[in-house]
Amino acid sequence: MENNVYLKWLAHETPTVWWNDSAILAEQEQAYGNGATGMTTNPVLVSGALSGDRDMWKEKTSGVDKTLTGDAKALALMHAVTGFYAQKTMPIFTMGGIGEGYVCAQVNPNFHGDTEYMVEQAKVLASWSQNIVVKLPATAAGIRAFEQCVALGMNVAASVSFTVPQVLAVAEARESGKKTAEKNGVKPGLSIAVIMVGRLDDYLRDVAKDSALSIPESDIIQAGTACIKRAYRIFQSKGYDTFLMPAGCRGAYHVTSLAGAKMIMSIGPSIQKALAKESKPFMPHSNEEVSQDVLDRLLTMKEFRRAYEPDGMALEEFVTYGATNRTLTQFIECGWKPIGAYGF
């Protein structure tokens, strides 16, 4: 196992918790050895795990009904993968640490606009294990489902999320759902609001090029960081108990710029390797602001303003945001569909 001193420092000497962004067993075990205490998955990652180690998953999926097709088959295979990891992570979960010992399972991205469908599927996913975190999209329908799932006591994460308005809506849905849960004698579970920082950068890079805006790459790669730092300040001021989760990182800078924050970070294997090259002394940077001159240039883009300003988008606009469309399409075409077509 490669010893990653930076990740161990992050996990053991700062308030930051980090999870592995992979469903590959060897990568998960490597991450655990370097301080990870949970894992995120999505349809693309589950599909990659199934196709990447067919011998292992042939055994693990032996109990799946081979007559299943389509969505039913995809759900059964998701259960096989996330159920295996939930069991593997349970010893960490039983220790009771905040944000520790969890495994994510994502609802069918084809139904991102159907609240009732997502709530019913969330009940199925949550029934697999008490340390499952149900991932819902941060669309209007997904956030309505999020509130209902919080009220039922589930662990829930709002993903397919890139903007300050989205995570604020998620945090408010958590507060409302928590009140209902407590009124009904239900203990609320873990609550997470994702900002896919690197995917936002990717989207804004394309917007800048398409609009012929002269915004340097050094600014573009700070866009997602600027958004999550702003959201973090607001969360702290309002006392939300929802954890922000930076995800979709594209470089070590996404992690180092947020080090020390009370967040649950989702860090993929390639970023973990990049962080292994960080040299001491390691320092928290979560309280450092993105410089005003960088923000001024980014704010010339309407799509950045929509992402950065707390009132940049209304709830019903979340599903139309470009980064949302791109990511949902990838989760469907490169994740859910291949799982449903997986050959035993």
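An account of the accompanying structure is given in this report. (Residues numbered from 1 in each chain as written. Predicted model: local features only at pLDDT ≥ 70, side-chain atom pairs only at ≥ 80, totals over all residues. Heavy atoms only, no water.)

1. Some details on the packing of aromatic side chains
Where we set the bar: For this analysis, a ring pair means two rings from Phe, Tyr or Trp (six-membered ring only for Trp) whose centres lie within 6.5 Å, classed as stacked if their planes differ by under 30 degrees, edge-to-face if by over 60, and tilted for the remaining angles. Counting from the N terminus, the helices are DSSP H or I runs at least four residues long and the strands are E runs at least two residues long. Relative accessibility thresholds used throughout: buried, under 20% of the residue-type maximum; exposed, over 50%; partly exposed, between the two (1.4 Å probe, protein chains only).
Under the criterion given, the structure shown has 12 aromatic pairs. Here the aromatic rings of Trp9 and Phe282 are separated by 5.6 Å at their centres, their planes lie at 55°, and the arrangement is tilted. With a gap of 273 residues between them, Trp9 in helix α1 (residues 5-13) and Phe282 in the loop between α13 (269-275) and α14 (292-298) connect regions that are remote in the sequence. Here Trp9 falls in the buried class, since its relative accessible area comes to 10%. Ring geometry for Phe304 versus Tyr308: centroids 5.2 Å apart, planes at 20°, classification stacked. Residue Phe304 and its partner Tyr308 are both found in helix α15 (residues 302-308); the two are separated by four residues, about one turn of the helix.

2. Re the packing of helix α2 (residues 25-33) against helix α5 (residues 70-93)
What counts, and what does not: Axes here mean lines fitted to C-alpha atoms, for a helix over just the part in contact, with angles spanning 0 to 180 degrees between N-to-C directions. Relative orientations are named as follows: roughly parallel for angles under 35 degrees, roughly antiparallel for angles over 145 degrees, roughly perpendicular for angles from 65 to 115 degrees, and oblique for any other angle. Residues are treated as being in contact if the distance between any of their heavy atoms lies within 4.5 Å. Classification used: nonpolar for Ala, Val, Leu, Ile, Met, Phe, Trp, Tyr, Cys and Pro, charged for Asp, Glu, Lys and Arg, polar for all others including Gly.
Look at α2 against α5: their axes get within 12 Å of each other, and the N-to-C directions meet at 10°. Taken as axis vectors, α2 and α5 run roughly parallel relative to one another. The segment α2 lies against α5, with Leu25, Gln28, Glu29 and Tyr32 engaging Phe84, Tyr85, Lys88, Thr89 and Ile92. Grouping the amino acids of the contact of α2 with α5 by side-chain chemistry returns five nonpolar, two polar and two charged.

In short, the description is geometric, and any link to function would need to be established separately.
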